[in-house]
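# Observations on the three-dimensional arrangement
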There are 2 protein chains.
Amino acid sequence: MPPEKQYYQAHPTFHVAVDSIIFGFDQGELKLLIHKRQFEPARGEWSLFGGFVQQDESLDEAASRILSEHTGLRDIYMEELHSYGEVDRDPAGRVISVAYFALIPAGEFTEAGKSKSGATWVSMEELPSLIMDHNQMVEKALRRLKRRAATQPIGFELLPGEFTMPQLQALYEAIYQSKLDKRNFRKKILAMEVLIKLDTKDKSSSKKGAYLYRFDQKKYKKLVEGGYNFTI
Amino acid sequence: MPPEKQYYQAHPTFHVAVDSIIFGFDQGELKLLIHKRQFEPARGEWSLFGGFVQQDESLDEAASRILSEHTGLRDIYMEELHSYGEVDRDPAGRVISVAYFALIPAGEFTEAGKSKSGATWVSMEELPSLIMDHNQMVEKALRRLKRRAATQPIGFELLPGEFTMPQLQALYEAIYQSKLDKRNFRKKILAMEVLIKLDTKDKSSSKKGAYLYRFDQKKYKKLVEGGYNFTI
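None of these values were measured; they are calculated from a predicted model.

The next point concerns the overall build of chain A. Broken down by element type, chain A carries seven helices and 10 strands. Counting every position in chain A, which comprises 232 residues, the buried fraction comes to 53%. Of the roughly 11,700 Å² of accessible surface on chain A, 47% is carried by carbon and sulfur atoms.

So, in structure tokens, the structure goes:
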């Protein structure tokens, strides 16, 4: 055996899992896709979607595979959030977990909730207790989503292609978990110059109706890349 | 064997490493602490400080231990950056690496470079080619440092307790990797209201001297927590 192999083999190995925080936005609420765990320990308790990394796949590939196996969704943008490596985090043995988060597009929201493995959308307002450190993972993902909302435009992933100002405001309110002033929100969001106002109105929620908007994709992308940076 | 153990054991296990991106600031330059790798593969090539996670330690503990073993430094703030899990990233075998980054305080800069394992501070301007994906890790850490500089005050960790405006500007210039306008920088940084101007001058770099400043720790901390958020 070459010396480097010997050197490596003197060190322990670990199970590595991927757990995914899957956000969606529906009916004015930020929601999380969870399911009841199908194996021991903690079988039947609420859990994020997770699974073990396999020999022939990268962490990113494992995250995509697991999302796809549970929800049928492919080509969903996923981003690594944080690694969880406390020694005793899993009562059944040492598992290092790499958490990912995903934003499910509005058009796939219903489909994602139809999985065989009991996927359930729960409102972030009524999030149940999850197994192990999964609640910590969700809190961290929510903090990242909030920070992103503070430095980049968001919504493209979570809203339908055309949306009203009240819908966009509801998304920000759901992420910030607080009510925002309507006039002030409108002013600030329009100042971003990232919205295109359409000629059509959505009349589903009021007689008068609300104008529909869509994102200017080019400007949106530019803002996402550049951020609202405090550049000295 | 309980069924959950059997279930776990049907999955592969991996070596998990920690690699640390260690930044310092000296002589107006942002520097990175690296050393020549002491074992195969790639023995003798430039590398970040890394090591394997052990059975009885968390990822954070492994990062602190490895930093301490190589540099003698303890109680340095470290933050997880990203996990690297490509299948073929290490030619000697599958290793999943969790990258951390650390900012070495000015007072410990010299001490950190005195380690037994050949620690060397290199300027980010003259960064050599590092082994495996270590250059990618450094680039990601630099992006995070830049983003942080854009949304929070920085410098407390990297500057001495008292510093001049040109020193602070040099730090920002080193992070942004571009020259900044002196007057504009001064104006923006003072508008943050996080600096306390002292009565004494540093005359080491000019006859006229430059006033010394220190951070108002309370305001600094508040800005770090709150960020320069674009809050709607």
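On to a positive patch on the surface, then. Residue and element names in this part refer to chain A. Side chains of Lys-182, Arg-186, Lys-197, Lys-201, Lys-203 and Lys-208 sit close together on the surface and give a patch of like positive charge. Secondary structure elements with two or more residues in the positive patch: α6 (182–191) and β9 (195–202). Here Lys-203 lies in the loop between β9 and β10 (210–215).

This part takes up the relation of the copies chain A and chain B. Overlaying chain A with chain B gives an RMSD of 0.1 Å, the required rotation being 180 degrees about an axis along which the chain moves by 0.0 Å. One copy is carried onto the other by what is essentially a two-fold rotation axis. An overlap of 100% is found between the interface residues of chain A and their copies at the interface of chain B, pointing to a shared contact surface.

All names here are of chain A. In contact at an axis separation of 11 Å, helix α5 (residues 165–176) and α6 are set at 95 degrees when each is read in the N-to-C sense. Comparing the axis directions of α5 and α6 gives the class roughly perpendicular. Contacts between α5 and α6 involve Met-165, Leu-168, Gln-169 and Tyr-172 on the former and, on the latter, Lys-182, Phe-185, Arg-186, Ile-189 and Leu-190. Here the residues of the contact of α5 with α6 are counted per class, giving six nonpolar, one polar and two charged.

Each aromatic ring pair is characterised by the separation of its centres together with the angle its planes make. In this structure the tally under the stated criterion is 18 aromatic pairs over all chains. Taking 6.4 Å as the distance between ring centres and 70 degrees as the angle between the ring planes, the aromatic pair formed by Phe-23 of chain B and Phe-101 of chain B counts as edge-to-face. Taken together, the residues span a long stretch of sequence, with Phe-23 of chain B in strand β1 (residues 15–26) and Phe-101 of chain B in strand β6 (residues 95–103) at a distance of 78 residues. By relative accessible area, which is 0% here, Phe-23 of chain B ends up buried. Through a chain of ring-to-ring contacts, three or more aromatic side chains come together here, namely Tyr-7 and Tyr-8 of chain A together with Phe-52 of chain B.

As a further point, take the sheet that holds β9 of chain A. Residues and elements named next belong to chain A. Spatial strand order, β8-β10-β9: three strands in an open sheet with antiparallel pairing. Of all the strands in the sheet, the pair left with one neighbour each is β8 (163–164) and β9. With five bridges joining them, β9 and β10 adopt antiparallel strand pairing. Paired with Asp-202 across the bridge in β10 is Ala-210.

This brings us to the nonpolar core. One finds Val-16 of chain A together with Val-16 of chain B to be the most contacted residues of the largest nonpolar core, which totals 48 residues. At the level of secondary structure, the elements contributing two or more residues to this core comprise β1 (15–26), α2 (59–71), β6 (95–103) and α3 (109–112) of chain A together with β1, α2 (59–71), β6 and α3 (109–112) of chain B. Setting aside anything within four residues of it in sequence, one finds Val-16 of chain B in contact with Phe-14, Val-16 and Ile-96 of chain A together with Gly-51, Phe-52, Val-53, Leu-59, Ile-96 and Val-98 of chain B.

The next point concerns the sheet that holds strand β9 (residues 195–202) of chain B. Taken in spatial order, the three strands line up as β8-β10-β9 (chain B) in an open sheet, and their pairing is antiparallel. If you trace the sheet from one side to the other, it starts and ends with β8 (163–164) and β9 of chain B, each paired once.

What follows covers the interface of chain A and chain B. Each partner contributes residues to the interface: chain A has 53 residues there, and chain B has 53 residues. Summed over the shared surface of chain A and chain B, the result is zero salt bridges. Linking chain A with chain B are 23 residue pairs in polar contact (both at pLDDT 80 or more). Of all the secondary-structure elements, those providing two or more residues to the side of chain A that touches chain B are α1 (3–9), β1, β5 (78–84), β6, α4 (134–151), α5 and α6 of chain A. If one sorts the elements of the side of chain A that touches chain B by residue count, α1 of chain A sits on top with five residues. For the side of chain A that touches chain B, the residue count by class is 28 nonpolar, 14 polar and 11 charged.

So, about the confidence of the model for chain A. The share of residues in chain A with pLDDT of 70 or more is 96%, and the mean pLDDT across the chain is 88. The complex prediction reports pTM at 0.88, with the ipTM value standing at 0.85.

Residues and elements named next belong to chain B. The end-to-end C-alpha distance of α2, which contains 13 residues, comes to 18 Å, matching closely the 18 Å that a straight helix rising 1.5 Å per residue would cover. Those residues of α2 that fall on the buried side of the exposure criterion are Leu-59, Ala-62, Ala-63, Ile-66, Leu-67, Ser-68, His-70 and Thr-71. At the exit of α2 stands Gly-72, carrying a positive phi of roughly 80 degrees.

The next thing to look at is the domain arrangement of chain A. Residue and element names in this part refer to chain A. Partitioning chain A into structural domains gives domain 1 (13–139) and domain 2 (155–225). Relative placement of domain 1 and domain 2: their C-alpha centres are 28 Å apart. If you look at the interface, domain 1 gives 10 residues, while domain 2 gives nine residues. Interface of domain 1 and domain 2: buried area, both sides summed, is about 790 Å²; carbon and sulfur atoms make up 73% of it. The largest contributions to the domain 1 side of the interface with domain 2 come from Phe-25, Leu-30 and Leu-103, which together make up 59% of the buried area. At the junction of domain 1 and domain 2, the tally comes to zero salt bridges. Taken together, the links from domain 1 to domain 2 amount to zero residue pairs in polar contact (both at pLDDT 80 or more). Mapped onto the side of domain 1 that touches domain 2, the elements with two or more residues apiece are β1 and β2 (29–36). Considering each element in turn, the side of domain 1 that touches domain 2 owes the most residues, three residues, to β1. Residues of the side of domain 1 that touches domain 2, tallied by class, amount to seven nonpolar, two polar and one charged.

Another point: the pattern of salt bridges. On inspection of all chains with the given rule, the structure shows 12 salt bridges over all chains. For Glu-69 of chain B, the salt bridge goes to Arg-65 of chain B, with nearest N and O atoms at 3.0 Å. In this pair, Glu-69 of chain B and Arg-65 of chain B are both assigned in helix α2, four residues apart and thus about one turn of the helix distant. A salt bridge links Asp-133 of chain B to Arg-89 of chain B; the nearest nitrogen and oxygen atoms lie 2.6 Å apart. You can see Asp-133 of chain B sitting in the loop between β7 (120–123) and α4 (134–151) and its partner Arg-89 of chain B sitting in the loop between β5 (78–84) and β6, a full 44 residues away along the chain. When salt bridges that share partners are traced, they join Glu-57, Arg-65 and Glu-69 of chain A into one network.

Cut-offs and rules
- Residues numbered from 1 in each chain as written.
- Chains lettered and ligands numbered in written order.
- Predicted model: local features only at pLDDT ≥ 70, side-chain atom pairs only at ≥ 80, totals over all residues.
- Heavy atoms only, no water.
- Helix = DSSP H or I, 4+ residues; strand = E, 2+ residues; numbered from the N terminus.
- Buried < 20%, exposed > 50% of the residue type's maximum accessible area, 1.4 Å probe, protein only.
- Areas by Shrake-Rupley, 256 points an atom, 1.4 Å probe, with all protein chains shown as cover.
- Patch = residues over 30% accessible without salt bridge, like charges linked within 9 Å, V, L, I, M, F, W, Y side chains within 5 Å.
- Salt bridge = Lys/Arg side-chain N within 4 Å of Asp/Glu carboxyl O.
- Lys, Arg positive; Asp, Glu negative; His and termini not counted.
- Charge placed at Lys NZ, Arg CZ, Asp CG, Glu CD.
- Least-squares fit on C-alpha atoms with pLDDT ≥ 70 in both.
- Contact = heavy atoms within 4.5 Å.
- Axes fitted to C-alpha atoms, helices over the stretch in contact; angles between N-to-C directions.
- Parallel < 35°, antiparallel > 145°, perpendicular 65-115°, else oblique.
- Nonpolar A, V, L, I, M, F, W, Y, C, P; charged D, E, K, R; others polar.
- Phe/Tyr/Trp six-rings, centres within 6.5 Å; stacked < 30°, edge-to-face > 60°.
- Pairing = 2+ DSSP bridges.
- Core = buried A, V, L, I, M, F, W, Y, C linked by side-chain atoms within 4.5 Å.
- Polar contact = N/O pair within 3.5 Å; in protein donor to acceptor, adjacent residues only side chain to side chain.
- pLDDT = per-residue confidence, 0-100.
- Expected span 1.5 Å × (residues − 1).
- Domains from an automatic or database assignment.
- Buried area = accessible area lost by both parts, 1.4 Å probe.

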